[in-house]
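So the chains spell out like this:
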Amino acid sequence: MREGLLPSTVTTVLELSTSGDKARALTELLGEVFDPTETAISSFEIEDGVTTLSLNAPWKVEVYFAAHPDEDAVRDMLRPIVGDVIDTTPFTTVSQQDWVSASLDGLKPVRAGRVLVHGAHDRQAVRINDVAIEIEAALAFGTGHHGTTAGCLLALDAELKQRRPRHAIDVGTGTGILALALAKQIKRKVVAGDIDWVAVEVAAKNARLNHAPNALDLYVGPGLRHLKADRPRHFDLVFANILAGPLRRLAPSIARVLTRDGVVILSGLLAMDVAGIVSTYRHQGLYLARQSLREGWATLVMKKGGAAPRPRRPR
Ligand SMILES: C[S@@+](CC[C@H](N)C(=O)[O-])C[C@H]1O[C@@H](n2cnc3c(N)ncnc32)[C@H](O)[C@@H]1O
């Protein structure tokens, strides 16, 4: 499985092969410093092969730079985690075009509950009752193939069997895939934002492609910088498929915007991050309702409103 935070203006790449625990530590660090507006790091990607959950399996971490970075500064930042190997790891360059074609090649339709995500070349795969989402991934993340996106779509499917949210927000929307899947099913506008303006443009394009040009209320900015007079202030459903670091930082603001019985679908975290994230959100008054694991990536469904309801005892 390979997909990541696909680069928007890639020129330079640093590729590291490392162990699972170091990859996790790198994810944390890169998540902390990742901000295309403030650092040269435009995106990063973690490839865990056929994901074994073994911490010793070789994992690949690729870091992309919007402009050629200060190599020494980057090495100094990563050396405490990966060690001296960083000094012999070369910075290489790739062309943006290569990445676009590589990312679109051979993508098969993905089914997740009622949703079928497909590319333009697979329109014939759509069945009559499918909630079909056509995605042009281009330079944003979210084709449905990654374990995090698929996990969120399946969690949404289960959630929609229980109730229909009225107001929803998708933080880190990428291609807009989750927001579109939801908007199509509840037939209401979904607020959706991304720190990366390229992703927001891709999401807008995908909304038009899906004959739903007004389905997404898009914003560019980190986290929940969505506030606008005509937008809802509270949401009964929040998606946040980002990474463990930002998810932790966003916990207070996500809890604040959730309605009394609101639900948040969190992903972008590795299995070993689950306990920490659950505890962070529990401190904000949310309980863990469900969780799933796909290809090493966890998806959590957390709800506001006190403790999880106890299972009924048989009489
Ligand atoms: C893993 S992708 C998820 C895309 C899509 N929602 C999906 O489920 O496939 C994470 C997205 O979050 C964006 N992002 C990263 N940090 C963010 C932050 N602090 N606030 C908003 N968006 C962020 C990235 O640019 C990227 O598009």
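Residues numbered from 1 in each chain as written. Predicted model: local features only at pLDDT ≥ 70, side-chain atom pairs only at ≥ 80, totals over all residues. Heavy atoms only, no water.

Per an unreviewed UniProt entry, the protein chain goes by Ribosomal protein L11 methyltransferase and derives from Bosea lathyri. The heading Subcellular location (unreviewed entry) in the UniProt record of the protein chain holds the text "Cytoplasm". (UniProt positions renumbered as here; feature names shortened; annotations may be inferred.)

Novice: Lay out the overall build of the protein chain with the relevant residues and their values.
Specialist: Within the protein chain, the secondary structure is distributed over eight helices and 14 strands. In the protein chain, which comprises 315 residues, the proportion classed as buried is 53%. Of the contacts formed within the protein chain by residues at least 6 apart in sequence, a portion of 68% connects residues at least 24 apart. Taken as a whole, the protein chain presents about 14600 Å² of accessible surface, with 53% of it coming from carbon and sulfur. (Helix = DSSP H or I, 4+ residues; strand = E, 2+ residues; numbered from the N terminus. Buried < 20%, exposed > 50% of the residue type's maximum accessible area, 1.4 Å probe, protein only. Contact = heavy atoms within 4.5 Å. Areas by Shrake-Rupley, 256 points an atom, 1.4 Å probe, with all protein chains shown as cover.)

Novice: Can you explain the site of the ligand? Please cite residues and give values.
Specialist: Near the ligand, the surroundings consist of 18 residues, among which Thr149, Gly172, Asp194, Gly223 and Asn241 are the closest. One nitrogen or oxygen atom from the side chain of Thr149 is found 2.7 Å from an oxygen atom belonging to the ligand. Contacts to the ligand include Thr173, whose backbone N or O atom sits 3.4 Å from a nitrogen atom. Taking 600 Å² as the accessible area of the ligand by itself, protein coverage stands at 93%. Considered class by class, the residues forming the shell around the ligand number eight nonpolar, eight polar and two charged. (Near = heavy atom within 4 Å. Polar contact = N/O pair within 3.5 Å; in protein donor to acceptor, adjacent residues only side chain to side chain. Nonpolar A, V, L, I, M, F, W, Y, C, P; charged D, E, K, R; others polar.)

Novice: Describe the sheet that holds strand 6 (residues 115-118), listing the residues and the values that go with them.
Specialist: Strands sit in the order 5-6-7 across an open sheet of three strands; the sheet is mixed. Single-partner strands in this sheet number two, and they are strand 5 (110-112) and strand 7 (131-134). Each strand axis lies, on average, 20 degrees off the axis of its neighbour in the sheet, ignoring direction. Relative to strand 7, strand 6 runs parallel, the two sharing four bridges. (Pairing = 2+ DSSP bridges. Axes fitted to C-alpha atoms, helices over the stretch in contact; angles between N-to-C directions.)

Novice: Account for the UniProt feature "binding site: S-adenosyl-L-methionine" (unreviewed entry) in the protein chain, naming residues and giving values.
Specialist: The feature "binding site: S-adenosyl-L-methionine" (unreviewed entry), as annotated in UniProt, sits at Thr149, Gly172, Asp194 and Asn241 in this numbering. Judged by relative accessible area, Thr149 falls into the buried class, the value being 2%. Among residues more than four places away in sequence, those in contact with Thr149 are Phe141, Gly142, Gly144, Ile177, Leu178 and Asn241. Along the chain, Asn241 turns up in strand 11 (residues 235-241). Assessed through its relative accessible area of 15%, Asn241 is described here as buried. Excluding residues within four positions of it along the chain, Asn241 makes contact with Phe141, Thr148, Thr149, Cys152, Val171, Gly172, Leu178, Ser267 and Gly268. Of the polar contacts made by the side chain of Asn241, one reaches the side chain of Thr148; its length is 3.1 Å.

Novice: Explain the pairing of strand 6 to me, using residue names and the numbers behind them.
Specialist: Alternating positions in strand 6 separate into two faces, Val115 and Val117 on one and Leu116 and His118 on the other, with burial throughout. When strand 5 meets strand 6, the two strands line up antiparallel, connected through three bridges. Looking at strand 6, one finds that Ala112 is bridged to Val115. Taking the residues that link successive antiparallel strands as the turn, the strand 5-strand 6 hairpin has two residues, and the phi of Gly113 there is positive, at about 65 degrees.

Novice: Explain the environment of Ala244 to me, using residue names and the numbers behind them.
Specialist: With respect to the secondary-structure elements, Ala244 resides in helix 7 (residues 244-257). In this structure Ala244 touches Glu28, Gly268, Leu269, Asp273 and Ile277, once residues within four positions along its chain are discounted.

Novice: Describe the pattern of salt bridges, naming the residues involved and giving the relevant values.
Specialist: Pairing is possible between side chains of opposite charge, provided their charged atoms come close. Counting across every chain of the model gives ten salt bridges. In this structure, Glu159 engages Arg290 in a salt bridge whose closest nitrogen and oxygen atoms are separated by 2.9 Å. With Glu159 in helix 4 (residues 147-162) and Arg290 in strand 13 (residues 286-294), this residue pair connects regions lying 131 residues apart in the sequence. When its relative accessible area of 27% is taken as the criterion, Arg290 is described as partly exposed. Shared partners join several salt bridges into a network, and the residues in it are Asp76, Arg79 and Asp87. (Salt bridge = Lys/Arg side-chain N within 4 Å of Asp/Glu carboxyl O.)

Novice: Can you tell me about helix 8 (residues 274-282), naming the residues and giving the values?
Specialist: Residues of helix 8 that are buried include every one of Val274, Ile277, Val278, Thr280 and Tyr281, and no others. Down the axis of helix 8, the sector holding all buried residues measures 160 degrees, keeping them to one side. Across from the buried face of helix 8, at angles greater than 90 degrees, the exposed residues are Ala275 and Arg282. Close packing links the buried residues of helix 8 with helix 7, strand 12 (258-270), strand 13 and strand 14 (297-304). (Arc of directions from axis to C-beta.)

Novice: Would you mind going over the packing of helix 7 against helix 8 in detail, with residue names and values included?
Specialist: Taken N-terminus to C-terminus, the directions of helix 7 and helix 8 make an angle of 15 degrees; their axes are 9 Å apart at the nearest point. By the angle between their directions, the pair helix 7 and helix 8 is classed as roughly parallel. Seen along the crossing, helix 7 lies across helix 8 with a hand that is right-handed. Contact with helix 7, carried on its side by Ala244, Leu247, Arg248, Leu250, Ala251 and Ile254, involves Ile277, Thr280 and Tyr281 of helix 8 and no other residues of that element. (Parallel < 35°, antiparallel > 145°, perpendicular 65-115°, else oblique. Left-handed = near helix turned anticlockwise from the far one by under 90°.)

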